[in-house]
Amino acid sequence: MSTGAEEMTAAPGCPVAFPLRKPGRAFPPPEYHDYRAGEGLVRSALPSGPVWLVTRHEDVRAVLTDPRISADPSKPGFPKAGRTGGAPSQDEVPGWFVALDPPEHGRFRKTLIPEFTVRKVREMRPAIQRIVDERIDAMLAAGSRADLIADFALPVPSLVIAGLLGVPRADRDFFEARTRVLVTLSSTDEERDAASKALLRYLGRLIRIKERRPGDDLISRLIAAGTLSLQELSGVSMLLLIAGHETTANNIGLGVVQLLTNPQWIGDNRVVEELLRYYSVADLVAFRVAVEDVEIGGQLIRAGEGIVPLIAAANHDGEVFAAPDGFDPERSARSHVAFGYGVHQCLGQNLVRVEMEIAYRSLFARIPSLELAVPVEELPVKYDGVLFGLHELPVRWK
Ligand code: HEM
């Protein structure tokens, strides 16, 4: 797979360039192995300043559960992923609860957990199946070639989360384009700000409509529950909308490539968990800062120092996963941290598993002759993104 963007170099005095994902290189970056085998924690620099990269599975879990380590971007020293900008604070987007620490975080989590249980997601299966079938119908009707990202991997989770929230389907292009700005490392502050304000304005208007005319959707249920303010509701909806589609889309796309190149696994649902571990698309998602001095993996991290637990490094730790760089759906991959760990562990994980399972099963059952339309090395990999994935996935069938 090829990438295609300029390299960032290490800041003076910092041995490790960031991000390590670079054009034309394997993912996860081979250095992760060396760092795990060495000190475990290495010093790097983000545009916002120096950070600790954490690579061992055990240490990543420790970072994500230690109360002396915060997920709040308003805390001094919090790392920012892009050249500018970063995760919004509560001042900027009230209700963006992934950026809240306990106990405030718990109020949001408690309100939302019942919407994403295994049982609730099971009830969503027919709606997810309908969306998947519609997209396959549309691809088949359009001919014998498609870009599987634009025509399938992105619209499926996008329509699923929009349907769950009660966001009109017709507005998909609008929110996908704004999300893309927010998950692109090189977006400027102005671009991020404009995208986030446009989304919040849009969701605020939608919420006011639903206050008057409630529907059978999550936003209407949250309004009725009355535990969140109007502003918080907009922030929560924005977080779900953004978290809910591009992550899953990347996993669906990469998974299709993996299955097309290893067809012996087509039809085996165990691939889902292994794909989540293997690709770890959210490698650079869970940023943190120490609010007190804390020791992780034998390394003292001082209060105010930024921390990036590398999800893909943890998920390829040979101490936990035998032959970690191999794709083996028969392994028990359940202890992976693809969805994070601790209080912020992904709220949508049950939904993701069902989306991936239905997407692969339906796609390969209905288009058994599906194949890549370009050599795998030529697939354009996302380099300039918080998330790992493919820009395009040209496929064809007979
Ligand atoms: C393959 C798909 C996905 C991956 C790999 C993924 C990964 C993650 C990770 C690593 C975190 C932890 C962030 C942190 O600790 O700072 C997280 C949190 C979160 N995810 Fe996902 N996610 C996926 C899909 C989804 C979907 C479909 C939804 C929509 C419902 C969603 C909603 C959330 C929310 C709301 C949080 C914040 C939870 C909290 O702070 O309590 N995610 N996700």
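Details of the structure are given in the entry above.
Residues numbered from 1 in each chain as written. Predicted model: local features only at pLDDT ≥ 70, side-chain atom pairs only at ≥ 80, totals over all residues.

Engineer: Can you walk me through the overall build of the chain in this structure?
Structural biologist: The number of helices and strands found in the chain is 13 helices and ten strands. Expressed as a percentage of its 398 residues, the buried residues of the chain come to 46%. Once local pairs closer than 6 in sequence are excluded, the contacts in the chain between residues at least 24 apart make up 72%. (Helix = DSSP H or I, 4+ residues; strand = E, 2+ residues; numbered from the N terminus. Buried ≥ 20, exposed ≤ 12 C-beta atoms within 10 Å, placed from the backbone. Contact = placed C-beta atoms within 7 Å.)

Engineer: Just to check I follow, could you spell out the pairing of strand β1 (residues 41-46) for this structure?
Structural biologist: Side-chain positions along a regular strand alternate between the two faces of the sheet. Where burial is concerned, most of β1 is hidden: five out of the six residues are buried. Connecting β1 to the next strand, strand β2 (residues 49-54), in antiparallel fashion are two residues. (Pairing = 2+ DSSP bridges.)

Engineer: Is there a simple way to think about the pairing of strand β8 (residues 306-309) in this case?
Structural biologist: Taking every second residue as pointing to the same face, both faces of β8 are buried, with Gly 306 and Val 308 on one and Ile 307 and Pro 309 on the other. Pairing analysis gives four bridges linking β2 to β8, with the strands arranged parallel. Across the sheet, the residue bridging to Leu 53 is Val 308, located in β8. Two strands pair when backbone bridges link them, and strand β5 (residues 288-290) and β8 are joined in this way by two bridges, in the antiparallel orientation. Counted as the bridge partner of Val 289 is Gly 306 from β8.

Engineer: What exactly am I supposed to notice about helix α7 (residues 172-182) here?
Structural biologist: What sets the pattern is the α-helix's 3.6 residues per turn: residues three or four places apart point alike. Of the positions making up α7, those classed as buried are Phe 175, Arg 178, Thr 179 and Leu 182. Along the axis of α7, the buried residues cluster in a sector spanning 105°; they form a single face. Residues of α7 that are exposed and angled more than 90 degrees away from the buried face: Asp 173 and Ala 177. Contacts from the buried residues of α7 go to α8 (189-212) and α10 (230-261). (Arc of directions from axis to C-beta.)

Engineer: Would you mind going over the packing of helix α4 (residues 118-142) against helix α6 (residues 155-165) with me for this structure?
Structural biologist: When two helices pack together, their arrangement is given by the angle between their axes and by how far apart the axes lie. Running from N to C, α4 and α6 cross one another at 140°; their axes reach a closest spacing of 10 Å. As α4 runs across α6, the sense of the crossing is right-handed. When α4 is examined against α6, the residues Ala 127, Ile 128, Ile 131, Val 132 and Arg 135 are found in contact with a partner set consisting of Pro 155, Val 156, Leu 159, Val 160 and Gly 163. A class-by-class count of the residues in the contact of α4 with α6 yields eight nonpolar, one polar and one charged. (Axes fitted to C-alpha atoms, helices over the stretch in contact; angles between N-to-C directions. Left-handed = near helix turned anticlockwise from the far one by under 90°. Nonpolar A, V, L, I, M, F, W, Y, C, P; charged D, E, K, R; others polar.)

Engineer: Which parts of the structure should I look at to understand the sheet that holds strand β9 (residues 371-372)?
Structural biologist: The strands that make up a sheet pair up through hydrogen bonds in the backbone, lying either parallel or antiparallel. Reading across from one edge, β4-β10-β9 is the order of the three strands in this open sheet, with antiparallel pairing throughout. In this open sheet, the two edge strands, each paired with only one partner strand, are β4 (145-147) and β9. The pairing of β9 with strand β10 (residues 394-396) spans two bridges and is classified as antiparallel. Looking at the pairing, Glu 371 lines up with Arg 396 of β10.

Engineer: I tried to follow α6 on my own but got confused; where do I start?
Structural biologist: Buried residues dominate α6, accounting for ten of its eleven residues. Of all the residues in α6, the buried ones are Pro 155, Val 156, Pro 157, Ser 158, Leu 159, Val 160, Ile 161, Ala 162, Leu 164 and Leu 165. Against α4, α5 (148-153), α7, α9 (218-225), α10 and α13 (349-366) lie the buried residues of α6. Gly 166 sits one or two positions beyond α6 and adopts a positive phi of about 90°.

Engineer: Could you clarify how one ought to interpret the packing of α8 against α9 in this entry?
Structural biologist: For the pair α8 and α9, interaxial distance at closest approach is 10 Å and the crossing angle is 70°. The orientation of α8 with respect to α9, classified from their angle, is roughly perpendicular. Helix-helix and strand crossings are classified by hand; for α8 and α9 the assignment is right-handed. Mapping the contact onto sequence places Leu 206, Ile 207, Lys 210 and Glu 211 in α8 and Ile 219, Ser 220 and Ile 223 in α9. (Parallel < 35°, antiparallel > 145°, perpendicular 65-115°, else oblique.)

Engineer: Honestly, the site of the ligand in this entry has me stumped. Any pointers?
Structural biologist: Taken together, the neighbourhood of the ligand is formed by 26 residues, with Gly 244, Thr 247, Gly 340, Cys 346 and Gly 348 sitting nearest. Elements with a contribution of two residues or more to the shell around the ligand: α10 and α13. Sort the elements by how many residues they give to the shell around the ligand and α10 lands first, with seven residues. Residue classes in the shell around the ligand are distributed as 18 nonpolar, seven polar and one charged. (Near = placed C-beta within 6 Å.)

Engineer: Looking at this structure, I do not really get the environment of Val 132. What am I missing?
Structural biologist: Take Val 132: it is sitting in helix α4. With 24 C-beta atoms counted inside 10 Å, the residue Val 132 sits in the buried group. Remark: the alpha-carbon pair of Val 132 and Leu 159, spanning 27 residues in sequence, is separated by 9.5 Å.

Engineer: What exactly am I supposed to notice about the sheet that holds β1 here?
Structural biologist: Across the sheet, which stays open at both edges, the five strands sit in the order β1-β2-β8-β5-β3 with mixed pairing between neighbours. Because the sheet does not close on itself, it has two edges, and the strands there are β1 and β3 (69-70). Pairing between β3 and β5: two bridges, direction antiparallel. For Ser 70, the partnering residue across the bridge sits in β5 and is Val 289. Sitting on the sheet, helix α2 (residues 57-65) touches β1, β2, β3, β5 and β8, and the angle it makes with β8 is about 130°.

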